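# Residue-level structural notes
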Amino acid sequence: MALAVLAAAAGALAPTPAAEAVSGCLIPATIVGTTITPTRVVVGVAEPKGITITTKVRTNGCRIDRVEAGLYGPDFVDSYDLAPTGSSNGVTTYETGLRISPGSLPNSEAGRWQSFISVWGATTPNAPGPDFSVVRASRLTTDASPEPVRKGKTITVRGSVRRADWQTLHYAGPGKQKVELQWRSPKGTYHRVATVTSARDGSLKAKITAKRDGCFRFVLTGSASTARGTSKGDCVDVR
């Protein structure tokens, strides 16, 4: 299942004549470095998300026919050509953009991906590229009640945690997911007051004794396959 390839950056250059003319290189071409941005790609259920792969190659006067990036997910393998976009001091930059669309990958592909760069030409250097992550987006809600509440009474904080399902293109539970319940005073900062485990449908519920005015929110800290998520806060007036 291939990812969509975006057009190379504007002003892409063909290999220099000097690089094309030399077929026998005394010094092999070398891969100076590779970047992939962003390093953590959060994919929901509607909008595609893009990444840019950039590689710098010191040609050393060698002919460069093609620069290729291989991407390896948990069960995904594919390769993509990079286009030359400029040269400076004997180093040529190659780049391509890729778009990851919801529905183009199964949920099992969420997690750490690896990359590998190959240069084809008079010499064929190759080198591992950087790792990056492709993760499922999350959404959380919070509702604290009653409002207002008497001091010493019980506040019930309900909410939900949802995770993008790339195959159904909807947000759904996960069940048995540990989520932080955080609280802050009206002018303070949030801190954890409890850890809640979601029900099978992703619903959340916690009971807290009312002590003073403050706001509650649920926070999913995230994992190797799921993005961090934070709900909007819901404030309670304690009287």
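Attention here is on the structure that accompanies the text. What you see is a predicted model, and the numbers here were worked out from it, not measured in a lab.

## Some words on the overall build of the protein
What the protein contains, in helices and strands, is one helix and 19 strands. Expected size for 239 residues packed as a compact globule is a radius of gyration near 18 Å; at 25 Å, the protein overshoots this value by more than 25%. Across its three principal directions, the C-alpha atoms of the protein cover 85 × 35 × 25 Å. The buried share among the 239 residues of the protein stands at 43%. Look at the contacts in the protein between residues 6 or more apart in sequence, and 68% of them connect residues 24 or more apart. For the protein, the computed accessible surface area is about 12,300 Å², with 50% contributed by carbon and sulfur atoms. Both charge centroids of the protein, one from 30 positive and one from 18 negative side chains, sit 13 Å from each other.

## Notes on the state of the cysteines
Throughout the structure, instances matching the rule amount to one disulfide. Between the sulfur of cysteine 215 and that of cysteine 235 lies a disulfide, 1.9 Å long from S to S. With the S-S dihedral at roughly 90°, the linkage between cysteine 215 and cysteine 235 falls on the right-handed side. Of the two residues, cysteine 215 is situated in strand 17 (residues 214–220) and cysteine 235 in strand 19 (residues 234–236); the sequence distance between them amounts to 20 residues.

## Concerning the packing of aromatic side chains
Throughout the structure, instances matching the rule amount to two aromatic pairs. Each member of the aromatic cluster is reached from another via a ring pair, and the members are Phe76, Trp113 and Phe132. A cation sits over an aromatic face here: arginine 217 above tyrosine 190, 3.9 Å from the ring centre.

## Concerning the pairing of strand 8 (residues 111–121)
The sheet contact formed by strand 5 (residues 64–72) and strand 8 spans eight bridges and is antiparallel. Its bridge partner lying in strand 8, tyrosine 72 is registered against glutamine 114. For strand 8 and strand 9 (residues 126–128), the ladder comprises three bridges, and the chain directions are antiparallel. Paired with isoleucine 117 across the bridge in strand 9 is alanine 127. Hairpin connection from strand 8 to strand 9: four residues lie between these consecutive antiparallel strands.

## Notes on the side chain of serine 115
With respect to the helices and strands, the residue serine 115 is situated in strand 8. One polar contact links the side chain of serine 115 to the main-chain carbonyl oxygen of proline 130, over a distance of 2.7 Å. Every residue in contact with serine 115, bar those within four places of it in the chain, is listed here: Ile36, Gly70, Leu71, Pro128, Gly129 and Pro130.

## A short note on the pattern of salt bridges
Enumeration according to the criterion identifies five salt bridges in this entry. Taking the shortest distance from any N to any O, the salt bridge between aspartate 81 and arginine 66 comes out at 3.2 Å. With aspartate 81 in strand 6 (residues 77–88) and arginine 66 in strand 5, this residue pair connects regions lying 15 residues apart in the sequence. Among the ionic contacts, a cluster of salt bridges with common partners joins Arg66, Glu68 and Asp81.

## Looking at the nonpolar core
Leu3, Ile51, Ile53, Val67, Leu71, Trp113 and Phe132 are the most contacted members of the largest nonpolar core, which totals 31 residues. Those elements that provide at least two residues to this core are strand 2 (30–37), strand 3 (40–43), strand 4 (49–58), strand 5, strand 6, strand 7 (91–100), strand 8 and strand 10 (132–136). Among the elements that line this core, the one with the most residues is strand 5, at four residues. Membership of the second largest hydrophobic core comes to 19 residues, among which are Leu140, Ile155, Val179 and Leu220.

## Structural notes on unusual backbone geometry
Note the cis peptide between serine 145 and proline 146, where omega equals 0°. With omega at -5°, the peptide bond leading from glutamate 147 into proline 148 counts as cis. The backbone of leucine 169 shows a phi angle near 60°, a positive value even though the residue is not glycine. Secondary-structure assignment places leucine 169 in the loop between strand 12 (154–165) and strand 13 (170–172).

## Side note on the layout of surface pockets
In this structure, the largest pocket spans a volume of roughly 160 Å³. Contributing to the lining of the largest pocket are Ile155, Trp183, His191, Val193, Ile208, Thr209, Ala210, Lys211, Arg212 and Phe216. When contributions to the lining of the largest pocket are tallied by element, the ones reaching two or more residues are strand 15 (191–197) and strand 16 (203–209). Tallied by class, the residues present in the lining of the largest pocket amount to six nonpolar, two polar and two charged.

Definitions and limits used
- Residues numbered from 1 in each chain as written.
- Predicted model: local features only at pLDDT ≥ 70, side-chain atom pairs only at ≥ 80, totals over all residues.
- Heavy atoms only, no water.
- Helix = DSSP H or I, 4+ residues; strand = E, 2+ residues; numbered from the N terminus.
- Rg over C-alpha atoms; globule rule 2.2 N^0.38 Å.
- Buried < 20%, exposed > 50% of the residue type's maximum accessible area, 1.4 Å probe, protein only.
- Contact = heavy atoms within 4.5 Å.
- Areas by Shrake-Rupley, 256 points an atom, 1.4 Å probe, with all protein chains shown as cover.
- Lys, Arg positive; Asp, Glu negative; His and termini not counted.
- Charge placed at Lys NZ, Arg CZ, Asp CG, Glu CD.
- Disulfide = S-S within 2.5 Å.
- Phe/Tyr/Trp six-rings, centres within 6.5 Å; stacked < 30°, edge-to-face > 60°.
- Lys NZ or Arg CZ within 6 Å of the ring centre and 35° of its normal.
- Pairing = 2+ DSSP bridges.
- Polar contact = N/O pair within 3.5 Å; in protein donor to acceptor, adjacent residues only side chain to side chain.
- Salt bridge = Lys/Arg side-chain N within 4 Å of Asp/Glu carboxyl O.
- Core = buried A, V, L, I, M, F, W, Y, C linked by side-chain atoms within 4.5 Å.
- 1 Å grid on protein atoms, 1.4 Å probe; cavity = no way out; pocket = protein on both sides within 12 Å on 5 of 7 lines; lining within 4 Å.
- Points joined across faces, edges and corners; volume = space filled by probe spheres on them.
- Nonpolar A, V, L, I, M, F, W, Y, C, P; charged D, E, K, R; others polar.

Geometry only, nothing functional implied.
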